[in-house]
Amino acid sequence: MGLGVRWTLHGDGRTPAPGAVVRPDERLSWPRTAGLGAQHVVAMFGASFVAPVLMGLDPNLAIMMSGVATILFLLATRGRVPSYLGCSLSFVGVAAIIRAQGGGSAAVTGAIFVVGVALLLSGLVVQKFGARIIHAAMPPVVTGAVVMLIGFNLAPVTARTYWPQDQWTALLTMLFTGLAVVCLRGFWSRVAIFLGLVFGYGISWLFDRLFGKIHSVNGGPEATDHWRLDLSGVSKADWIGLPSLHAPSFGWSAALVALPVVIALIAENAGHVKAVGEMTGDRLDDQLGTAISADGFATMLSTAVGGPANTTYSENIGVMAATRVYSTAAYWAAAGFALLFGVCPKFGAVVAAIPGGVLGGITVILYGMIGLLGAQIWVHNKVDLRNPLNLVPVAAGVIIGIGGVSLKISANFELSGIALGTIVVLSGYHVLRALAPAHLKAQEPLLDEGTSSYDSAVAGEKDAG
């Protein structure tokens with residue numbers, strides 16, 4: 001079997017025929033393929049560049065490793081699953097908690113490395129036993145709750161760190177970004193976060209010219225006079241250079257804070273593979289374990305040198321849906337552009353200079369959207385929250401995760417926030433399910449229809465053989 005690096009030219013290589021799609025093993029002309037690759041980089045720019053900044057990690061290293069991770073993913077799936085891998089926002093809350101506990105960048109990347117190991121092992125288990133094991137261990141009621149508490153747990157970061165730096169810029173950026181998400185169409189709606197960043201940059205520059213320096217907090221406890229947009233680091237940065245690397249460090253407390261994110265990542269990856277399969281018309285459920293393992297390995301590789309996690313990106317699914325071009329050649333081109341951006345420190349300095357007020361306006365929407373994805377999982381899978389078997393563990397876990405409730409185990413170890421909330425939801429659901437009367441358990445199937453039917457088909461083929 002090949003590595004998925006050979007493509008046939010689609011039609012005349014210019015424009016797909018009406019109703020036609022460019023399949024993963026096809027491509028348009030190389031100039032058009034390169035343009036599509038650049039479009040994919042822009043599509044993931046908003047979240048994938050904001051995330052490392054919010055986590056306190058090097059944005060240049062993040063984008064460079066995203067290119068490496070994408071190449072590894074395409075090779076692992078042998079070109080069957082078109083996807084771009086970028087920095088996951090699911091870890092922003094984890095980084096905030098670890099840093100609040102006194103941990104540095106090494107502790108953050110060490111905790112995420114452990115998540116990468118867990119993700120790799122989960123993928124291998126799925127390859128061995130089939131996708132149904134995911135839905136049995138982590139049904140939609142659980143995954144929805146975990147995704148929700150991961151997003152909403154970030155609310156204090158926006159309210160206490162970013163918004164106070166420049167409330168008016170934050171408000172205007174939030175309004176503009178919201179309008180861009182809702183009112184724009186096609187590709188432009190997919191890059192609404194990026195457009196919000198550009199708008200925020202412009203407003204910050206304008207306010208500096210009109211009103212001078214602002215007196216507010218700026219990453220520290222005390223308010224100071226400072227420019228909203230400080231580009232002094234950009235002029236000092238080199239045009240060409242390798243990003244700074246560092247080794248991870250490991251600790252139990254940091255790892256336990258990060259591990260719940262595995263549930264969200266598996267749910268995201270399963271949704272990504274299924275969405276791509278539906279768009280391309282291919283049955284890709286057999287690739288789910290491989291895709292999860294590839295995400296885990298890519299995350300381990302990135303964090304081993306000081307970068308963030310790298311996982312599949314839903315923004316790029318939107319680009320594929322809009323263009324109807326699913327060629328993996330475009331993703332190879334995107335990975336090439338990412339590698340070039342990664343060795344340009346000046347580009348990273350521009351990203352790192354994003355004003356705090358701009359981040360405040362962006363994250364109000366971004367963090368809320370992450371949290372509400374959990375509710376979307378419930379709605380899509382018709383989770384009945386009137387059923388106490390679902391309601392009780394979700395109610396307790398979400399409040400614990402969002403409110404930052406803690407459980408002190410010893411003088412040096414405690415569970416709190418995301419970690420404790422996830423444990424309550426996951427263990428609470430399965431314990432209650434084991435003890436609940438039959439009529440409560442009959443109200444929700446454990447298996448996703450699409451996945452279970454695929455597994456049944458595979459089982460039938462094996463029996464026939």
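These remarks concern the structure in this document.

Reading guide: rules and limits
Residues numbered from 1 in each chain as written. Predicted model: local features only at pLDDT ≥ 70, side-chain atom pairs only at ≥ 80, totals over all residues. Heavy atoms only, no water. Helix = DSSP H or I, 4+ residues; strand = E, 2+ residues; numbered from the N terminus. Buried < 20%, exposed > 50% of the residue type's maximum accessible area, 1.4 Å probe, protein only. Areas by Shrake-Rupley, 256 points an atom, 1.4 Å probe, with all protein chains shown as cover. Core = buried A, V, L, I, M, F, W, Y, C linked by side-chain atoms within 4.5 Å. Contact = heavy atoms within 4.5 Å. 1 Å grid on protein atoms, 1.4 Å probe; cavity = no way out; pocket = protein on both sides within 12 Å on 5 of 7 lines; lining within 4 Å. Points joined across faces, edges and corners; volume = space filled by probe spheres on them. Nonpolar A, V, L, I, M, F, W, Y, C, P; charged D, E, K, R; others polar. Salt bridge = Lys/Arg side-chain N within 4 Å of Asp/Glu carboxyl O. Expected span 1.5 Å × (residues − 1). Arc of directions from axis to C-beta. Phe/Tyr/Trp six-rings, centres within 6.5 Å; stacked < 30°, edge-to-face > 60°. Lys NZ or Arg CZ within 6 Å of the ring centre and 35° of its normal. Polar contact = N/O pair within 3.5 Å; in protein donor to acceptor, adjacent residues only side chain to side chain. Patch = residues over 30% accessible without salt bridge, like charges linked within 9 Å, V, L, I, M, F, W, Y side chains within 5 Å.

### As for the overall build of the protein chain
Moving on, step 1. For the protein chain, the helix and strand inventory stands at 22 helices and eight strands.
Moving on, step 2. Split into buried and exposed, the 465 residues of the protein chain put 51% on the buried side.
Moving on, step 3. Taken as a whole, the protein chain presents about 20,200 Å² of accessible surface, with 66% of it coming from carbon and sulfur.

### Digging into the nonpolar core
The tendency in soluble globular proteins is for nonpolar side chains to be buried as a group.
Moving on, step 1. Counting residues in each nonpolar core, the largest one holds 91 residues, and the members touching the most others are Met55, Phe91, Val92, Leu288 and Tyr367.
Moving on, step 2. Among the elements that take part in this core, helix α13 (residues 261–280) stands out by supplying nine residues, more than any other.
Moving on, step 3. When sequence neighbours within four positions are dropped, the list of residues in contact with Val92 reads Ala51, Leu54, Met55, Leu154 and Tyr367.
Moving on, step 4. By size, the runner-up hydrophobic cluster in this structure holds five residues, among which are Val22, Leu28, Val325 and Ala330.

### What to know about the layout of surface pockets
Moving on, step 1. Estimated volume of the second largest pocket: approximately 910 Å³.
Moving on, step 2. Around the second largest pocket sit 41 residues that line it, and Leu54, Val157, Thr161, Tyr162 and Gln165 are the ones nearest its centre.
Moving on, step 3. Listing elements by their share of the lining of the second largest pocket, those giving two or more residues are α1 (30–55), α3 (92–100), α7 (155–162), α18 (356–380) and α19 (388–403).
Moving on, step 4. Here the lining of the second largest pocket gets seven residues from one element, more than from any other, and that element is α3.
Moving on, step 5. Considered class by class, the residues forming the lining of the second largest pocket number 21 nonpolar, 15 polar and five charged.

### Section: the pattern of salt bridges
Moving on, step 1. Under the criterion given, the structure shown has four salt bridges.
Moving on, step 2. The residue Arg386 makes a salt bridge to Asp384 at a minimum N-O spacing of 3.0 Å.
Moving on, step 3. Judged by relative accessible area, which is 73%, Arg386 ranks as exposed.
Moving on, step 4. Three or more residues are tied together by salt bridges with common partners; here these are Asp166, Asp208 and Arg228.

### Focus on helix α8 (residues 167–183)
Moving on, step 1. Taking 1.5 Å per residue as the helical rise, α8 with its 17 residues ought to reach 24 Å, and the 24 Å between its terminal C-alpha atoms agrees with that figure.
Moving on, step 2. Taken together, the buried positions of α8 are occupied by Thr169, Ala170, Thr173, Thr177 and Ala180. For α8, the angular spread of buried residues about the axis comes to 95°, placing them on one side. Exposed and oriented more than 90 degrees from the buried face of α8 are Trp168, Leu179 and Val182.

### Some words on helix α20 (residues 417–435)
Moving on, step 1. Its 19 residues give α20 an end-to-end C-alpha distance of 26 Å, which sits within 8% of 27 Å, the value for a rise of 1.5 Å per residue.
Moving on, step 2. Buried residues of α20: Gly417, Ile418, Ala419, Leu420, Gly421, Thr422, Val425, Gly428, Tyr429 and Arg433, and no others.

### Things to note about the packing of aromatic side chains
Moving on, step 1. The full count for this structure, using the stated rule, is four aromatic pairs.
Moving on, step 2. Judged by centre distance (5.6 Å) and plane angle (70°), the ring pair of Phe113 and Phe250 falls under edge-to-face. Separated by 137 residues along the polypeptide, Phe113 in helix α4 (residues 105–129) and Phe250 in the loop between α11 (232–236) and α12 (252–258) bring together distant segments of the chain.
Moving on, step 3. Taking the centre distance of 5.5 Å and the plane angle of 65° together, the rings of Phe207 and Phe211 count as edge-to-face. Note that Phe207 and Phe211 are positioned in helix α10 (residues 192–211) at a spacing of four residues, about one turn of the helix.
Moving on, step 4. For Phe207, a relative accessible area of 14% translates into the label buried.
Moving on, step 5. Taking the ring centre of Trp227 as reference, the NZ or CZ of Arg209 above it sits at 5.8 Å.

### Some details on the side chain of Arg228
Moving on, step 1. Within the fold, Arg228 resides in the loop between β5 (223–226) and α11.
Moving on, step 2. Among the residues examined, Arg228 registers a relative accessible area of 13% and is labelled buried.
Moving on, step 3. Of note is the side chain of Arg228, whose polar atom sits 3.0 Å from the side chain of Asp208.
Moving on, step 4. For Arg228, the side chain forms a polar contact with the main-chain oxygen of Gly212, separated by 2.7 Å.

### Regarding a nonpolar patch on the surface
Moving on, step 1. A cluster of nonpolar side chains, Trp205, Leu206, Leu210 and Phe211, forms an exposed patch at the surface whose accessible area comes to about 450 Å².
Moving on, step 2. In this fold, Trp205 is placed in helix α10.
Moving on, step 3. Taking the relative accessible area as the measure of exposure, Trp205 reaches 48% and is therefore partly exposed.

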